[in-house]
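Listed here are the chains, written in short residue letters.
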Amino acid sequence: MDQEPDDDGMPIAELLDERRHLLDVAYWMLGRSQDADGVVAEAYRCWYGLSSGHRARLTDPRSWLVRAVGGICLDRLAPSGRARPGQDGTAPPRDLEGEVSQALLQALDSLSPAERAAFVLNDVFRMAPGTVADIVGQTERECGELAARARHSLRTRRARPTTRQQHDWVVRAVHEACAAENPALLTALLAPDATVFFDGGGKVRTLTRPVHGAPRVTRSLLTLLAGHPHTTLHCQSVNSRTGIVVRYGDEVAAVISLDVAGDHVIQIWAVLNPDKLRRWNRADTRES
């Protein structure tokens, strides 16, 4: 039988501080205190699911729990189960009352799950780069780029808010420009300082650094999507917003999400990593 190791326990203040910290992390990542409470409960279930010996060997249980909370939140932020902030009217965790901006939480929902996690863990909670990378599941450099992209997107959105209808219209116009291989039209739809990121995950040979500036973004995107009889582009829901799904034959070869401010695209994220496209290839649905 697995015996509990000798342990004097923890002061109640430390127990409550730990729980509130975990609730804060989950709330910022998901945007709803009800969801945050469920995530923390699940993290503690995972903790007590470990053997007592395993728990005793962990030198920093709080960090282990933060990683567990971050992983659970990322799973819930996946498109199939993404939380929507601020829609249940619940109050934030007590130590965030009066401090959390609902506008910021609404803006965070415009980010991809990885962007939101990198921004929240890095900028809000000031976690070490290695910890952020462990939770997000990407390298420290990639997490730094995700956080930088999130900051830029949030700043731009505050300056030039976009409705869902505007976003949909701009993305469909970009789809048409790419399908027609029309560089002039595509450039006109991009902000002058637009940026495109290519996520190949080291599994395909693609650009490894972000491309900046509308003319260069146009060239790199049209090169990627160059016309071929077996290459087709479809407007489809990507992270709960209209995006572009690229197929080569029957295989999803790329998923492109776009950040829009006003009437222009400010950032593009092209995912070509085969590992990240497996879900898309298992659920092959086409919208337009």
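The following refers to the structure shown. (Residues numbered from 1 in each chain as written. Predicted model: local features only at pLDDT ≥ 70, side-chain atom pairs only at ≥ 80, totals over all residues. Heavy atoms only, no water.)

## Overview of unusual backbone geometry
Move 1: Unlike most non-glycine residues, arginine 126 shows phi in positive territory, near 55°.
Move 2: Relative to the assigned elements, arginine 126 resides in the loop between helix H6 (113-124) and helix H7 (129-136).
Move 3: With a relative accessible area of 66%, arginine 126 lands in the exposed category.
Move 4: The backbone phi angle of glutamate 181 is positive, close to 50°, even though this residue is not glycine.
Move 5: Mapped onto the fold, glutamate 181 is located in the loop between helix H9 (164-179) and helix H10 (183-189).
Move 6: The partly exposed category is assigned to glutamate 181, whose relative accessible area is 43%. (Helix = DSSP H or I, 4+ residues; strand = E, 2+ residues; numbered from the N terminus. Buried < 20%, exposed > 50% of the residue type's maximum accessible area, 1.4 Å probe, protein only.)

## Notes on the pattern of salt bridges
Move 1: A complete count under the given rule lists 12 salt bridges for this structure.
Move 2: Put simply, aspartate 199 and lysine 276 hold a salt bridge, and the shortest N to O gap is 2.5 Å. You can see aspartate 199 sitting in strand E1 (residues 190-199) and its partner lysine 276 sitting in helix H12 (residues 274-282), a full 77 residues away along the chain.
Move 3: By sharing partners, the salt bridges in this structure join Glu115, Arg149, Arg241 and Asp259 into a single network. (Salt bridge = Lys/Arg side-chain N within 4 Å of Asp/Glu carboxyl O.)

## Quick notes on the nonpolar core
Move 1: The biggest cluster of nonpolar side chains holds 53 residues, and the ones touching the most others in it are Met29, Val69, Leu108, Leu121, Met127 and Val136.
Move 2: Element by element, the count of residues in this core is highest for helix H1 (residues 12-30), at eight residues.
Move 3: Judged by nonpolar contacts, the second largest core, of 29 residues, contains Leu190, Val211, Val217 and Val246. (Core = buried A, V, L, I, M, F, W, Y, C linked by side-chain atoms within 4.5 Å.)

## Some thoughts on the sheet that holds E1
Move 1: Strand order in this open sheet of six strands is E2-E1-E6-E5-E4-E3, and the pairing throughout is mixed. With partners counted over all chains shown, the strands left at the sheet margins are strand E2 (211-212) and strand E3 (231-238), one partner each.
Move 2: The strands touched by H9 are E3, strand E4 (241-248), strand E5 (251-261) and strand E6 (264-271); relative to E4, the strand with the most contacts, the crossing angle is about 25°.
Move 3: On top of the sheet, H12 reaches E1, E3, E4, E5 and E6; it is set at about 105° to E5, its chief contact. (Pairing = 2+ DSSP bridges. Contact = heavy atoms within 4.5 Å. Axes fitted to C-alpha atoms, helices over the stretch in contact; angles between N-to-C directions.)

## Considerations on the packing of helix H4 (residues 61-76) against H7
Move 1: In contact at an axis separation of 8 Å, H4 and H7 are set at 40° when each is read in the N-to-C sense. Comparing the axis directions of H4 and H7 gives the class oblique. When you trace H4 past H7, the crossing you get is right-handed. Taken together, the residues of H7 that come into contact with H4 (itself represented by Val66, Arg67, Gly70, Gly71 and Leu74) are Thr131, Asp134, Ile135 and Val136.
Move 2: Tallied by class, the residues present in the contact of H4 with H7 amount to four nonpolar, three polar and two charged. (Parallel < 35°, antiparallel > 145°, perpendicular 65-115°, else oblique. Left-handed = near helix turned anticlockwise from the far one by under 90°. Nonpolar A, V, L, I, M, F, W, Y, C, P; charged D, E, K, R; others polar.)

## Some remarks on the side chain of histidine 234
Move 1: Along the chain, the position of histidine 234 falls in strand E3.
Move 2: A polar side-chain atom of histidine 234 sits 3.0 Å from a polar atom in the side chain of threonine 232. (Polar contact = N/O pair within 3.5 Å; in protein donor to acceptor, adjacent residues only side chain to side chain.)

## Quick word on the packing of H1 against H6
Packed helices, taken two at a time, are described by the angle their axes make and the gap between the axes.
Move 1: Relative orientation of the contacting elements H1 and H6 amounts to 135°, with a least axis distance of 9 Å. Classified by the angle their axes make, H1 and H6 are oblique. In terms of crossing hand, the pair formed by H1 and H6 is right-handed. Judged by residue contacts, Val25, Tyr27, Trp28, Met29 and Leu30 of H1 engage Arg116, Ala117, Val120, Leu121 and Val124 from H6.
Move 2: Considering only residue class, the contact of H1 with H6 consists of nine nonpolar, no polar and one charged.

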